[in-house]
Amino acid sequence: MIFTDNLSFFLVVFFILIYNGVTFFVKDKRVANLLLLVGNVVILNLMVTWVTLIILTVLSGLVYYVGKWIKNKKQKGLLIGSIVVLIGLFVLKNYKIADFSLLQRVGLSYILFRYIHYLVESYKQTIKVSQLTAFVNYILFFPNFIAGPIDDYDNFDYWTQQKRNPYRWLMIKAGTFRLVVGVIKKFFLVPIILHHAIDFALFDGLDYWQLGLFYSLIFYSFYILFDFSGYSDIAIGTAYLIGIKTPENFDNPYYTFNLGTFWRKWHMTFSNFLFKYLFKPIVTYLSANFKKSPRLLIFGIGYLITFILCGIWHGNTMNFIYWGLWHGVGLIIFKLWETKIFKQFIQNKWNKSARLLYNSCALLFTFIFVSIGWFFFNYQTSEIKSIVSNVANFNENKLTVETVSIAGEFAYKIYFEDEGSDAIEIRLRSEGVDKVYTYDNIPVSENKLYYLYLQLPIKALKTIEVRGVHSTNQSNWNTYVLYPNIGNLKLSPIEKVVFQKETYMTKIDKVPSTAIGKYLYMPFDMNADVFSLETYFIDRYGWAIEAKFDSLTNTMVDIKYKHEDGEWVKYIENGDAEKLFYHMHGDYSFDGVDRNLRPGDYEVRLRYKDDYKKSEWFISNITIPDYVND
């Protein structure tokens, strides 16, 4: 990403000034190409290593000469083989199947697209002229390196080979404007909505968590638009300032009346690449080999294959495949609607008012459809399953949950209403952890508020279930799904105005009386004698203390002891809490045995724990008799 620090900003501005100054007075395009290559390498070295740049330069040279050979010899087999090798290398590196540690992943997918474009168009004889330095510049052009736009080689070559660009000053003005627009989107608008876009828990205090999820998806739709189109604006504007007219990448994509048009206006160069080099060849092949198959079926297969691969390109987890399927199926439904219903019963048959109403509904429906698709894009597979399984469950009782900080420790603030209940029960689950925390017989709070200290302090989806317990029955579980907002997030002044709050998280200085879960939750009374002590003389070991304790599954124990005249000794750490007892020995020698505990008074402490929480210490005392003097 360019312009992210002072050094990159300085280098880009300095290069733009030098490049325009040199090319204004020197008309030899070999000098311009060489200068552009030096600028590309120096600026890209801020993003990737020299080794990566050398590898990409050598690989680009090989692709260039393979393309020349394919163009001259018209060898389809070499074309297919070259593309397969390039895709194979990309898959091995990008999805970490093989460890090519010398080559970084930054920008590789867009480089692959440019390689494929050049090879295919060379085979089609559409590449007019090509020159090695120009081709390497085309691959390493720094504004487009990380995330596009994906330019055509002929267009890039045309603008770099202009001896005198008559549009220079017009492009400088347009480029400056686009650069400013991109910076506003990327560095001003995105930070305002970013946190609420990716974490629906920040819409806290709502009666239904589903509303927070819905609001978050809307925010995410605009976040990803501003973030991606903002970067494209910066890339296009920078290219304009260098004198290269890079293709557009976004054209107000949410102002569309159907999904097909959306994909012609969203990430346009990528969409065009998918259509040109994936969808169209699939449809052409199927049409030629299955001539009797319905056209809609062939289009449907093309949509599914194209968008499943599109999803896999974005990431190698199932949620991206879900996202691809969502759009593939959506395009199939749209195609059926367009051909079977719209063109036959709607188009050219409604008056102006009816058309306006239809377009308004179509606009809203398309935006909602795309926004729901971002749900699969943003959340992991396990999170998607949890959210989907609970999204249709609306609570019988009022339940709201938000994350708060109590004296520096994170907790859930739970508001729950259930009139006439004698107590409440709470269950807590976390994605990625095979454990359920259960809290029973919690006294009913007068103000309906309960504070549950944050178990499992990790950024993962949490499901909290609460129900009331009555004398004759138990009410149904009420569910709230959220992320625990445990980051040290600070609201900017603009965010405070937009979201009408001072902080992302409420801070509470004093521990409320209804706070639970500060320590590991125990299924038995903390004041009860959960462990007991006895002294024994054990053959070959000597005098010892036996600590017996209640069993607790999926839990560990720590045990330590202290002699009245000594220091604390950590005897057991992370012991098995289902073992029921442990013998504690010492290092005191007596009567030929060297593992005795010394005579005297002992304090023994025991606590239970899991991977995230610890119980309070259970304390007991015992005396070992004076076996030395007796």
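All values reported here derive from a predicted model rather than from experimental measurement.

Cut-offs applied
- Residues numbered from 1 in each chain as written.
- Predicted model: local features only at pLDDT ≥ 70, side-chain atom pairs only at ≥ 80, totals over all residues.
- Heavy atoms only, no water.
- Salt bridge = Lys/Arg side-chain N within 4 Å of Asp/Glu carboxyl O.
- Buried < 20%, exposed > 50% of the residue type's maximum accessible area, 1.4 Å probe, protein only.
- Core = buried A, V, L, I, M, F, W, Y, C linked by side-chain atoms within 4.5 Å.
- Contact = heavy atoms within 4.5 Å.
- pLDDT = per-residue confidence, 0-100.
- Helix = DSSP H or I, 4+ residues; strand = E, 2+ residues; numbered from the N terminus.
- Phe/Tyr/Trp six-rings, centres within 6.5 Å; stacked < 30°, edge-to-face > 60°.
- Lys NZ or Arg CZ within 6 Å of the ring centre and 35° of its normal.
- Pairing = 2+ DSSP bridges.
- Axes fitted to C-alpha atoms, helices over the stretch in contact; angles between N-to-C directions.
- Parallel < 35°, antiparallel > 145°, perpendicular 65-115°, else oblique.
- Left-handed = near helix turned anticlockwise from the far one by under 90°.
- Nonpolar A, V, L, I, M, F, W, Y, C, P; charged D, E, K, R; others polar.
- Polar contact = N/O pair within 3.5 Å; in protein donor to acceptor, adjacent residues only side chain to side chain.
- Expected span 1.5 Å × (residues − 1).

Visitor: Outline the pattern of salt bridges, supporting the account with residue identities and numerical values.
Guide: Counted under the stated rule, the structure contains 17 salt bridges. A salt bridge links aspartate 28 to arginine 30; the nearest nitrogen and oxygen atoms lie 3.1 Å apart. The exposure class of aspartate 28 is partly exposed, given its relative accessible area of 30%. Residue arginine 30 is classed as exposed on the basis of its relative accessible area, which comes to 66%. A salt bridge links glutamate 121 to lysine 276, with the shortest nitrogen-to-oxygen separation between them at 3.7 Å.

Visitor: Could you give an account of the nonpolar core, with specific residues and numbers?
Guide: Counting 153 residues, the largest nonpolar core has Ile414 and Ile426 as its most contacted members. Once residues lying within four places of it in the same chain are set aside, the contact partners of isoleucine 426 are Ile414, Tyr437, Thr438, Tyr439, Ile442, Leu452, Ile464, Glu465, Val466, Trp477 and Ile516. The next biggest cluster of nonpolar side chains, apart from the first, holds 7 residues, and it includes Ala411, Leu449, Tyr451 and Tyr453.

Visitor: Now, about the confidence of the model for the protein chain: what can you tell me, with residues and values included?
Guide: Mean pLDDT over the protein chain works out to 87, with 95% of the residues at or above the 70 mark. By mean pLDDT, the top-scoring element of the protein chain is helix H10 (residues 259–265) (95), and the lowest-scoring one is helix H16 (residues 493–499) (75).

Visitor: Would you mind going over the packing of aromatic side chains in detail, with residue names and values included?
Guide: Here the structure, examined in full by the defined rule, presents 67 aromatic pairs. Considering the side-chain rings of phenylalanine 141 and phenylalanine 156, the 5.2 Å spacing of their centres and the 65° angle between planes classify their relative orientation as edge-to-face. Here the residue phenylalanine 141 occupies a position in the loop between helix H6 (132–140) and helix H7 (153–160), and phenylalanine 156 occupies one in helix H7, the gap between them amounting to 15 residues. There is no split in this pair, since phenylalanine 141 and phenylalanine 156 are both buried. Note that lysine 74 overlies the ring of tyrosine 123, its terminal NZ or CZ placed 4.4 Å from the centroid.

Visitor: Describe the environment of lysine 173, and please don't skip the residues or the numbers.
Guide: By the element assignment, lysine 173 lies in helix H8 (residues 168–198). Considering only alpha carbons, one finds lysine 173 and leucine 241, 68 residues apart in sequence, at a separation of 8.1 Å.

Visitor: I'd like to hear about the side chain of aspartate 151, residue by residue, with values.
Guide: Relative to the elements of secondary structure, aspartate 151 occurs in the loop between H6 and H7. Every residue in contact with aspartate 151, bar those within four places of it in the chain, is listed here: His117, Tyr138, Asn144, Phe156, Lys245, Thr246 and Pro247.

Visitor: So, the pairing of strand E2 (residues 409–416): which residues are in play, and what are the values?
Guide: Pairing analysis gives 8 bridges linking strand E1 (residues 399–406) to E2, with the strands arranged antiparallel. Note on E2: the bridge partner recorded for threonine 403 is tyrosine 412. Where E1 folds back on E2, the antiparallel hairpin that results is connected by 2 residues, among which alanine 407 adopts a positive phi of roughly 50°. Summarising the sheet, E2 and strand E5 (residues 449–453) pair through 5 bridges and their orientation is antiparallel. Along E5, the bridge assignment pairs tyrosine 415 with leucine 449.

Visitor: Lay out the sheet that holds strand E10 (residues 531–538) with the relevant residues and their values.
Guide: Each strand in a sheet pairs with its neighbour through backbone hydrogen bonds, running either in the same direction (parallel) or in the opposite one (antiparallel). Strand order in this open sheet of 3 strands is E10-E11-E14, and the pairing throughout is antiparallel. Lying at the two open borders of the sheet, with one neighbouring strand each, are E10 and strand E14 (581–584). Adjacent strand axes in the sheet meet at a mean angle of 25°, parallel and antiparallel pairs treated alike. Pairing geometry for strand E11 (residues 542–549) and E14, over 4 bridges, is antiparallel.

Visitor: Could you give an account of the packing of helix H5 (residues 108–123) against helix H11 (residues 268–289), naming the residues involved and the relevant values?
Guide: Helix-helix packing is characterised by the crossing angle of the two axes and by the distance between the axes. Where H5 contacts H11, the two axes come as close as 12 Å, and the packing angle between them is 40°. By the criterion of interaxial angle, the relationship of H5 to H11 is oblique. Taken as a pair, H5 and H11 cross one another with a handedness that is left-handed. Touching Phe113, Ile116, His117, Val120 and Glu121 of H5 are Phe270, Phe273, Lys276 and Tyr277, all from H11. Class assignment for the residues of the contact of H5 with H11 results in 6 nonpolar, 1 polar and 2 charged.

Visitor: Now, about the environment of glutamate 534: what can you tell me, with residues and values included?
Guide: One can find glutamate 534 in strand E10. Overall, the relative accessible area of 35% leaves glutamate 534 in the partly exposed class. Note: C-alpha distance between glutamate 534 and isoleucine 545 (11 residues apart in sequence) is 5.7 Å. The residues contacting glutamate 534, other than those within four sequence positions of it, are Ala544, Ile545, Glu546, Lys548 and Ile622. At a separation of 3.3 Å, a polar atom in the side chain of glutamate 534 contacts the side chain of tyrosine 536.

Visitor: Before we move on, could you go through the sheet that holds E2 and cite the residues and values that matter?
Guide: If you trace the 5 strands from one edge of the open sheet to the other, you get E8-E1-E2-E5-E9, paired in mixed fashion. Whereas interior strands pair on both sides, the edge strands pair on one side only; in this sheet they are strand E8 (506–508) and strand E9 (515–516).

Visitor: Any details on unusual backbone geometry? Residues and values, ideally.
Guide: Backbone phi values are negative for most residues with the exception of glycine, while trans is the configuration of most peptide bonds. The phi dihedral of asparagine 441 is positive, around 55°, even though this residue is not glycine. By the element assignment, asparagine 441 lies in strand E4 (residues 436–443). At asparagine 574, a position not held by glycine, the phi torsion is positive, near 60°. Mapped onto the elements of the fold, asparagine 574 is located in strand E13 (residues 568–576).

Visitor: Hey, could you go over helix H2 (residues 29–44) for me, with residue numbers and the actual values?
Guide: The end-to-end C-alpha separation of H2 is 22 Å, in line with the 22 Å expected for 16 residues at 1.5 Å each. For H2, every residue scored as buried is listed here: Lys29, Ala32, Asn33, Leu36, Gly39, Asn40, Val41, Ile43 and Leu44. Packed against the buried residues of H2 are helix H1 (6–25), helix H3 (50–73), H6, H7 and helix H9 (209–242).

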